[in-house]
Every structure is written in structure tokens, then in C-alpha cells.
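The chain contents come next:
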Amino acid sequence: MSRPNRRWHWVVDGPGVRVGVTTSRRELTTSTVVIAGDRALLIDPAWDPDELAGLDADLDRWRVTVAAGFATHAHHDHLLWPAGPATAPRFASPPVSKIATHDRPAIVERLGPDWPADLAELVGRVQPAEGSLDWSGPETVLLRHDAHAPGHTAVWLPAAGVLVAGDMLSDVEIPLLEESSAAQYAAGLARLQPAVQRSRIVVPGHGHVAIGVEAARRRWAAARAYLAALLAGRQPDDSRLADPAMRAAHADNRARAAEDHR
């Protein structure tokens with residue numbers, strides 16, 4: 001299988017730390033690497049097997065060792081792992097770790113029958129972490145909430161001003177309630193707001209990186225405006241609803257919000 005010509009967007013490129021984001025061909029899924037010296041933190045690596053092999057090749061080329069990994073939530077596209085750093089410790093919030101362990105067969109099944117066995121063995125092998133991540137790089141704060149999915153956790157790098165938001169704050173996806181209530185989603189946005197106010201970079205799980213303080217704040221405001229309209233029973237004025245998939249997701253959100261009021 002050929003490896004893709006992977007492009008990295010170096011959103012932070014300083015002498016002490018580098019933060020790179022690359023985007024999968026599938027659903028604009030982002031992978032984030034934080035490099036300090038010759039050690040790296042790998043967050044939500046994705047997606048297809050050849051893309052994961054490309055991640056391995058890049059890390060080898062940079063002569064960087066993965067010191068730790070982190071999964072933002074327990075959906076199959078965020079519990080993947082490349083073969084190269086197979087022995088590196090991987091973390092997630094305690095609820096995500098529990099779900100990933102309990103539901104591993106179903107999670108792997110969602111990847112399809114052609115998913116390579118060696119990569120299937122690595123899916124969801126995470127251990128619990130809470131509050132912060134102890135690794136050899138810069139301070140890494142874990143912002144846990146229950147929006148979108150139980151134990152969903154954003155990774156906040158205060159010194160770099162980078163917020164890796166998981167499946168929130170996207171420019172292509174509306175807020176997806178999925179496994180959360182509207183109230184839980186609102187609480188999740190509130191949990192992220194202080195970091196967003198200080199962010200210079202926001203990396204969504206799917207979509208494009210928000211660059212700059214104002215862009216970061218607009219992402220949060222757009223999510224909050226959508227949720228307010230949803231709860232008020234109004235049609236949101238949201239350009240993301242031009243996508244048929246997002247219109248279908250909006251219909252699901254409405255059904256879930258209505259269920260919350262029963």
C-alpha cells in the first residue's frame with residue numbers, strides 16, 4: 001500500500017515546541033503532533049491504514065520518538081494508532097478508557113472487515129488520565145466534559161495557546177449532540193470557554209484549524225449560537241447546514257433536544 005504525500009500545517013514552530021496538524025482524506029479528520037526536542041505527543045492519529053503508515057514514516061524521518069498518545073473520546077475514528085509507536089503509553093479520560101476497554105470489539109467492527117489485524121490490535125488501548133498529562137513536553141491540561149460523548153476531553157497547551165478540541169468547534173460540522181444532551185453540550189462549551197478566550201489556535205477533530213484569537217473565539221460563538229437556536233426551536237442561521245450531512249445531523253439534534261424536554 002502506498003503512503004500518501006502527507007502535508008503538515010505547523011501551527012506552532014518555535015525553538016522549544018512545535019505543533020503540527022495534518023488532515024485525513026476521510027471526513028477532514030485531523031491528527032495533531034506536539035514535538036518537544038526529540039519527543040512527541042500524538043493526539044487522535046487518523047485515519048486510513050496508509051495514512052497511519054505515513055504518520056510512522058514522518059516520525060521516523062524527523063527522528064522523533066512518541067512519548068505518549070491521547071484520544072479525545074471513544075469514537076472509533078479517534079481511538080486509532082499507527083504501528084510504529086505501538087509500545088508508547090496512550091491516555092484518555094477515565095470514562096473513555098472504560099468505554100474503549102468494554103466496547104473494543106464493537107469499536108473495531110466499525111472500522112470494517114478490511115481493517116488490518118495489526119492495527120486492529122492497537123485500537124482503543126488507552127489508560128486513564130485526569131487533569132493533566134505527564135509527559136516530557138510542555139504543560140498539557142485535560143479539559144474533560146460530556147458534550148458529544150461521555151468523557152470527551154480537549155487538550156489545552158497554555159504556553160503555546162493551542163486547544164485541540166476533539167469533535168467540537170469545527171467549521172464544517174455543527175455541534176453534534178450524539179451521545180449527549182443539549183444541557184451537557186452547553187456545559188461542555190462552558191468548560192472550554194476559558195481556554196478558547198486564551199487560544200491562538202483551535203484544532204477541531206474534523207475541519208480546518210482556526211488561526212488567531214478572533215478566529216478561535218468565533219468558533220466558540222458559532223457553536224453557542226447554534227445551540228441557542230436549537231434550544232429555542234428556531235432554525236439556526238448557520239452556513240454549515242448547507243451540507244446535506246449536517247442537515248441530517250441537525251434533524252437528529254432536534255429530536256434529541258425534544259426528547260430532553262419530555
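About the cut-offs
Residues numbered from 1 in each chain as written. Predicted model: local features only at pLDDT ≥ 70, side-chain atom pairs only at ≥ 80, totals over all residues. Heavy atoms only, no water. 1 Å grid on protein atoms, 1.4 Å probe; cavity = no way out; pocket = protein on both sides within 12 Å on 5 of 7 lines; lining within 4 Å. Points joined across faces, edges and corners; volume = space filled by probe spheres on them. Nonpolar A, V, L, I, M, F, W, Y, C, P; charged D, E, K, R; others polar. Helix = DSSP H or I, 4+ residues; strand = E, 2+ residues; numbered from the N terminus. Expected span 1.5 Å × (residues − 1). Buried < 20%, exposed > 50% of the residue type's maximum accessible area, 1.4 Å probe, protein only. Arc of directions from axis to C-beta. Polar contact = N/O pair within 3.5 Å; in protein donor to acceptor, adjacent residues only side chain to side chain. Salt bridge = Lys/Arg side-chain N within 4 Å of Asp/Glu carboxyl O. Contact = heavy atoms within 4.5 Å. Pairing = 2+ DSSP bridges. Axes fitted to C-alpha atoms, helices over the stretch in contact; angles between N-to-C directions.

*Asks:* Just give me the short version of empty space enclosed by the protein, but keep the residues and values in it.
*Replies:* According to the stated counting rule, one finds three cavities of 30 Å³ or more in the structure shown. Quantified by volume, the largest cavity comes out at close to 50 Å³. Lining the largest cavity are Asp167, Met168, Leu169, Ser170, Glu173, Ile174, Pro175, Leu176, Tyr185, Ala223 and Arg240. Its residues placed into classes, the lining of the largest cavity shows seven nonpolar, one polar and three charged.

*Asks:* Report on helix α7 (residues 244–260), specifying residues and quantitative values.
*Replies:* For α7, which comprises 17 residues, the first-to-last C-alpha distance of 25 Å matches the rise-based estimate of 24 Å (1.5 Å per residue) to within 8%. For α7, the full list of buried residues reads Met246, Ala249, His250, Asn253 and Ala257. In a view along the axis of α7, the buried residues occupy a sector of 105°, so they form one face of it. Every exposed residue of α7 that faces more than 90 degrees away from the buried side is listed here: Pro244 and Ala248. Where α7 starts, the residue carrying a side-chain oxygen 2.9 Å from the main-chain nitrogen of Ala245 turns out to be Asp243.

*Asks:* I'd like a rundown of the pattern of salt bridges, residues and numbers included.
*Replies:* Tallied over the full model, the rule gives 11 salt bridges. Between Glu214 and Arg217 there is a salt bridge, with the nearest N and O atoms lying 3.9 Å from each other. Highlighted residues: Glu214 and Arg217, both in helix α6 (residues 213–232), separated by three residues, approximately one helical turn. By relative accessible area, which is 30% here, Arg217 ends up partly exposed. Residue Asp238 pairs with Arg240 through a salt bridge whose shortest N-O separation is 2.7 Å. The exposure class assigned to Asp238 is buried, which follows from its relative accessible area of 13%. Taking relative accessible area as the criterion, Arg240 reaches 9% and is therefore assigned buried. Among the charged side chains, a salt-bridge network with shared partners connects Arg25, Arg26, Asp48 and Asp50.

*Asks:* Describe the side chain of Thr140, listing the residues and the values that go with them.
*Replies:* With respect to the helices and strands, Thr140 occurs in the loop between β7 (127–128) and β8 (141–144). The exposure class assigned to Thr140 is buried, which follows from its relative accessible area of 1%. A distance of 2.8 Å separates the side chain of Thr140 from the side chain of Trp135, its partner in a polar contact. Here Pro138 takes part through its backbone oxygen, which lies 2.9 Å from a polar atom of the side chain of Thr140. Not counting residues up to four positions away in its chain, the partners in contact with Thr140 are Leu41, Gly131, Ser132, Leu133, Trp135, Val155, Trp156 and Leu157.

*Asks:* Account for the sheet that holds β7, with residues named and values stated.
*Replies:* The sheet built from seven strands is open, its strands ordered β1-β2-β3-β4-β5-β6-β7 with mixed pairing. Pairing within the sheet leaves two strands with one partner each, and these edge strands are β1 (9–13) and β7. Relative to strand β5 (residues 65–70), strand β4 (residues 39–43) runs parallel, the two sharing five bridges. Directly across from Arg39, in β5, lies its bridge partner Thr65. Each of β1, β2 (18–23), β3 (30–36) and β5 touches helix α1 (residues 49–62); the most contacted strand, β3, lies at about 15° to it.

*Asks:* An account of the pairing of β1 is requested, with residue identities and associated values reported.
*Replies:* Direction of pairing for β1 relative to β2: antiparallel, over a ladder of four bridges. The partner of Trp10 across the bridge, within β2, is Gly20. Hairpin connection between β1 and β2: a loop of four residues separates the two successive antiparallel strands.

*Asks:* Could you give me a rundown of the layout of surface pockets, with the residues and numbers involved?
*Replies:* The space that makes up the largest pocket amounts to roughly 350 Å³. Taken together, 20 residues form the lining of the largest pocket, with His75, His76, Asp77, His148 and Glu178 sitting closest to its centre. Taken together, the residues that form the lining of the largest pocket break down as seven nonpolar, four polar and nine charged. Size it by volume and the second largest pocket reaches roughly 160 Å³. In terms of lining residues, the second largest pocket is bounded by 13 residues, among which Ala222, Asp237, Asp238, Ser239 and Arg240 are the most central.

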